[in-house]
Amino acid sequence: MYFLFTPSIGSQGQFPLTQNVTVVEGGTANLTCRVDQNDNTSLQWSNPAQQTLYFDDKKALRDNRIELVRASWHELSISVSDVSLSDEGQYTCSLFTMPVKTSKAFLTVLGVPEKPQITGFASPVMEGERMQLTCKTSGSKPAADIRWFKNDKEVKDAKYLKEEDANRKTFTVSSTLDFRVDRNDDGAVVSCRVDHESLNSTPQIARQVLEIHYTPSVKIISSNSWPEEGQSITLTCESKGKPVPEPVLWTKDGGELPDPERMVVNGRDLSISFLNKTDNGTYRCEATNPIGQNSTEYVLIVHDVSNTLLPTTVIPSLTTATVTTTVALTTSTAPSATAISTRDPNGLTGPAVPDHALIGGVVAVVVFVTLCSIILLGRYLARHKGTYLTNEAKGAEDAPDADTAIINAEGSQVNAEEKKEYFI
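Since the structure is predicted, the reported quantities are computational estimates derived from the model, not experimental observations. (Residues numbered from 1 in each chain as written. Predicted model: local features only at pLDDT ≥ 70, side-chain atom pairs only at ≥ 80, totals over all residues. Heavy atoms only, no water.)

Digging into the state of the cysteines
Reasoning step 1: A full pass over the atoms with the stated rule returns 3 disulfides.
Reasoning step 2: Note on cysteine connectivity: Cys-33 is disulfide-linked to Cys-93, with sulfurs 1.8 Å apart. The disulfide joining Cys-33 to Cys-93 has a torsion of about -80° about its S-S bond and is therefore left-handed. Here the residue Cys-33 occupies a position in strand β2 (residues 29–34), and Cys-93 occupies one in strand β8 (residues 89–95), the gap between them amounting to 60 residues. (Disulfide = S-S within 2.5 Å. Helix = DSSP H or I, 4+ residues; strand = E, 2+ residues; numbered from the N terminus.)

Next comes the structure, spelled out in structure tokens:
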């Protein structure tokens, strides 16, 4: 095809203007060429192979994807729909002056990465094993970026690999995440996120939910922190594992539960009613699943009933005699016999012991009564001895010898009764 034109005198000051264009594969590219001053000079668009696409408003290449948008003396705009990677390259707008003036526009086609896929997960994974997950996506241009997340928290230190595809235009990228799993990873969501400029800030994401199998963990919870005789208690065996351990096994002191009528197992609960001291011991809860077995123990101590009042003992006062002699008694301080004994609810339980305060009070009273009796007996003997000596002295005043003095004293004893002195 030949085009004939005659340039004008003022065409030397004219120059076409174009802009580079970037489009996503499969999209539509708009190519525009403008001339500020044009005195009826023709414009032309050609592709990277230097094939003419449009000459003014005349279509030169038979390609249904190429359409005319606008044609005038100042502008020639065309569109290329369903753009492919092969459309990428340098397009030329020509202004047919003398000489011909041209402007270049580079069309960049972005390769959209395919939806990523995660491989390497085989369910289930045992606790403590290493896991390698690989995320791969192809067809990106330029090469896409891959990031890893676990429960929305980014995981670093993944290996990144970029390979050129067979068409030598796009890339296949992959990333491998290598880590050791534990029971906390069970149910975690691992995400592979692909970022690329062709995705318009909407990344492509692939997700994988982890399933980790692990041995049970066991814990015993008591319903009564201070069990006492006559009360009841429920021990709950909390066991976590995958697969879930069902059922749990309860034992006491290494053997079966001794009293099935009072010790009832219901699922994970062990209920003991009407507690007594025979229930003291070590209770074990054991949980088993196909991965392994685990157990824990609870030491049960049944306490005496707290806040029990002992009966009050009142010691009656004893009145024996009134004496003028002062007797000093040295006794050790002992608790009163009327003291009330209370049991410390926080003390350790053990065999019952006698009330030392009550015994000490009784002993003190017995010692006091005994001393008073000894003193009264001594005073009685001393008084009679004094009377005998007084009478003997009175009879000796007129008697020649001791026998006569005694006889005289007995005879006058009646008359002297009123003058007798007592020392009390």
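A few points about the sheet that holds strand β7 (residues 75–80)
Hydrogen bonds between backbone atoms are what pair the strands of a sheet, whose relative direction is either parallel or antiparallel.
Reasoning step 1: With antiparallel pairing, the 3 strands of this open sheet are ordered in space as β2-β7-β6. The two strands at the open ends of the sheet, each matched to only one other strand, are β2 and β6 (66–71). Strand-to-strand twist across the sheet, computed as the mean angle between neighbouring axes with direction ignored, equals 15°. (Pairing = 2+ DSSP bridges. Axes fitted to C-alpha atoms, helices over the stretch in contact; angles between N-to-C directions.)

What to know about the sheet that holds strand β23 (residues 269–272)
Reasoning step 1: Within the open sheet, the 5 strands sit side by side as β11-β19-β20-β23-β22. Their pairing is mixed. The open sheet terminates on both sides in strands that have one partner only, identified here as β11 (125–126) and β22 (263–266).
Reasoning step 2: Across 4 bridges, the pairing between strand β20 (residues 233–242) and β23 is antiparallel. Following the sheet pairing, Leu-235 is matched in β23 by Leu-270.

Looking at the UniProt feature "transmembrane region" (unreviewed entry) in the chain
Reasoning step 1: The sites that carry the UniProt feature "transmembrane region" (unreviewed entry) are, in the present numbering, residues 357–377.
Reasoning step 2: In residues 357–377, helix accounts for 100% and strand for 0%; the two terminal C-alpha atoms are 31 Å from one another. (UniProt positions renumbered as here; feature names shortened; annotations may be inferred.)

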